[in-house]
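Here's the letter readout for the chains.
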Amino acid sequence: MLEVTNLRKVYPTGDEALTGVSTAIEGNEIVAMIGPSGAGKSTFIRCVNKLTEPTDGEVSLNGTELTALDSREMKAARRNIGMVFQEYNLVERHTVMENVLSGRLGYVSNWAALRRKFPQEDVELAYDILETVGLGGMENKRADELSGGQRQRVGIARAVVQEPTILLADEPTSSLDPETSHAVMELLTEIAAERNIPVLINIHEVHLAVEYADRILGLHDGTLVFDGPTTDLDENAKDVIYRGEAIAGESSSNFVDESDTVTDDAERTERSAITGD
Ligand SMILES: Nc1ncnc2c1ncn2[C@@H]1O[C@H](COP(=O)(O)OP(=O)(O)OP(=O)(O)O)[C@@H](O)[C@H]1O
């Protein structure tokens, strides 16, 4: 289970990208994080796996507090977090197999990693996963010979070969055409069910979120304003997420009360006084 408590991020520029977000993700649910451009969706995912250092708050994965780990411990913990990126992040001149096996780098010794030597069972696992993502037989193709959809499948295979306990996908369909976007969302859904892991997907196409997600997290200006089942994402909820205001008089139990999640300034000042930060 991923547990996020009062996650806050202020960039050195002074931009407060997350104001204190709390949520939990577990089981094999597909959770879509939606919100307008600049709402903090990417920052949230990057703070969860500490590609970006959070300013405040806690992130725990299966009981391990990631926010308390040093960089060496975090490197080991990252094996549990599969990442799928918008721009795939493949090594273009490497083969499909080399790209997928790079997902196992965290499991082999530095010596083996340097020489890209992987145990036979890792290679077999990679073959199996390539079949699952529909790329069986393409292991020797170079990444730069693939279509966008195929590249994203390699990106997903690389994340899955890690045998993660959660998948995080940051705008995985943004660079893809509509048909391929559906195929990628279907694939992520199948992986969650087959491997029994949750998947958190940042996505700006609301119709894809509605079609594939079990649950929606709605961010507005760095604040989590909606957390509920996809079936509850009505026009009013969309207004709150995208415009920051509800239709007059309307409310919902899924609207998140800011006072529950945001550490207020007084409390923060008090804590700083105690910790000396
Ligand atoms: N490296 C950075 N340095 C300073 N400010 C940043 C940085 N990255 C993001 N921001 C700011 O933080 C806020 C949230 O950005 P973020 O990229 O997380 O939003 P987003 O919801 O993912 O947007 P989009 O849908 O456009 O990708 C924005 O105001 C953005 O300008």
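Everything numeric in this text was worked out from a predicted model, so none of it was measured.

Rules and cut-offs
Residues numbered from 1 in each chain as written. Predicted model: local features only at pLDDT ≥ 70, side-chain atom pairs only at ≥ 80, totals over all residues. Helix = DSSP H or I, 4+ residues; strand = E, 2+ residues; numbered from the N terminus. Rg over C-alpha atoms; globule rule 2.2 N^0.38 Å. Buried ≥ 20, exposed ≤ 12 C-beta atoms within 10 Å, placed from the backbone. Contact = placed C-beta atoms within 7 Å. Pairing = 2+ DSSP bridges. Axes fitted to C-alpha atoms, helices over the stretch in contact; angles between N-to-C directions. Parallel < 35°, antiparallel > 145°, perpendicular 65-115°, else oblique. Left-handed = near helix turned anticlockwise from the far one by under 90°. Near = placed C-beta within 6 Å. Nonpolar A, V, L, I, M, F, W, Y, C, P; charged D, E, K, R; others polar. Expected span 1.5 Å × (residues − 1). pLDDT = per-residue confidence, 0-100.

**What to know about the overall build of the protein chain**
Here is step 1 of the chain: Helix and strand counts for the protein chain come out as 11 helices and 10 strands.
Here is step 2 of the chain: Relative to the 2.2 N^0.38 estimate, which gives 19 Å for 277 residues, the radius of gyration of the protein chain is 20 Å and therefore close to what a compact globule would have.
Here is step 3 of the chain: Its C-alpha atoms give the protein chain principal-axis dimensions of about 55 × 45 × 35 Å.
Here is step 4 of the chain: Residues classed as buried in the protein chain amount to 39% of the 277 residues present.
Here is step 5 of the chain: In the protein chain, the proportion of contacts linking residues at least 24 apart, taken out of those at least 6 apart, comes to 68%.

**Description of the sheet that holds strand E1 (residues 2-10)**
Here is step 1 of the chain: Here we have four strands laid out as an open sheet, ordered E2-E1-E4-E5, and antiparallel in their pairing. Each of the sheet's edge strands pairs with one partner strand only, and the pair in question is strand E2 (16-25) and strand E5 (64-65).
Here is step 2 of the chain: Sitting on the sheet, helix H1 (residues 41-48) touches E1, E2 and strand E4 (56-61), and the angle it makes with E1 is about 120°.

**Some points on the sheet that holds strand E8 (residues 199-202)**
Here is step 1 of the chain: With mixed pairing, six strands are arranged side by side in an open sheet as E6-E7-E8-E3-E9-E10. At either margin of the open sheet sits one strand with a lone partner, and together these are strand E6 (81-84) and strand E10 (223-229). Across the sheet, the axes of successive neighbouring strands diverge by a mean angle of 15°, strand direction being ignored.
Here is step 2 of the chain: Note: E6 against strand E7 (residues 166-170), four bridges, orientation parallel. Its bridge partner being in E7, Met83 is matched across the sheet by Leu168.

**Section: the packing of helix H6 (residues 148-161) against helix H7 (residues 178-195)**
Here is step 1 of the chain: One way to put it is that H6 packs onto H7 with a least axis distance of 10 Å and a crossing angle of 15°. When the axes of H6 and H7 are compared, the pair comes out roughly parallel. The handedness of the crossing between H6 and H7 comes out as right-handed. Counting all contacts with H6, which are made through Gly148, Gly149, Gln152, Arg153, Ile156 and Val160, the residues of H7 involved are Thr180, Ala183, Val184, Leu187, Leu188 and Ile191.

**Re the site of the ligand**
Here is step 1 of the chain: By nearness alone, 13 residues border the ligand, and Tyr11, Ala17, Ser37, Ser42 and Thr43 come closest of all.
Here is step 2 of the chain: Of the residues in the shell around the ligand, the class split is three nonpolar, eight polar and two charged.

**Points about helix H5 (residues 120-132)**
Here is step 1 of the chain: The terminal C-alpha atoms of H5 lie 19 Å apart, and with 13 residues this matches the ideal 18 Å at 1.5 Å per residue to within 8%.
Here is step 2 of the chain: Contacts from the buried residues of H5 go to helix H3 (96-101) and H6.
Here is step 3 of the chain: Taken from the residues just after H5, Gly134 is the one with a positive phi, measuring 80°.

**Comments concerning the confidence of the model for the protein chain**
Here is step 1 of the chain: Model confidence for the protein chain is summarised by a mean pLDDT of 89, while 90% of its residues fall at 70 or above.
Here is step 2 of the chain: With pLDDT under 50 throughout, residues 261-277 is counted as low confidence; its partners more than four residues away or in other chains account for 14 contacts.
Here is step 3 of the chain: For this predicted complex, the interface score ipTM comes out at 0.97, alongside a pTM of 0.89.

**Points about the environment of Gly218**
Here is step 1 of the chain: Counting through the fold element by element, Gly218 comes out in strand E9 (residues 215-220).
Here is step 2 of the chain: A tally of 27 C-beta atoms within 10 Å means that Gly218 is categorised as buried.
Here is step 3 of the chain: Between the C-alpha atoms of Gly218 and Ala39, which are 179 residues apart in sequence, the distance is 9.1 Å.
Here is step 4 of the chain: Each residue touching Gly218, except ones within four places of it in the same chain, is listed here: Ile34, Gly35, Val225, Phe226, Ala237, Val240 and Ile241.

**Overview of the pairing of E10**
Here is step 1 of the chain: With five of seven residues buried, E10 lies mostly within the body of the structure.
Here is step 2 of the chain: Where E9 meets E10, six bridges bridge the pair, whose relative direction is antiparallel. Looking at the pairing, His220 lines up with Thr223 of E10.

**Observations regarding unusual backbone geometry**
Here is step 1 of the chain: Although it is not a glycine, Glu171 adopts a positive phi angle of roughly 50°.
Here is step 2 of the chain: Mapped onto the fold, Glu171 is located in the loop between E7 and H7.
Here is step 3 of the chain: The phi angle at Asn196 is positive, at roughly 55°, despite the residue not being glycine.
Here is step 4 of the chain: Here Asn196 is to be found in the loop between H7 and E8.

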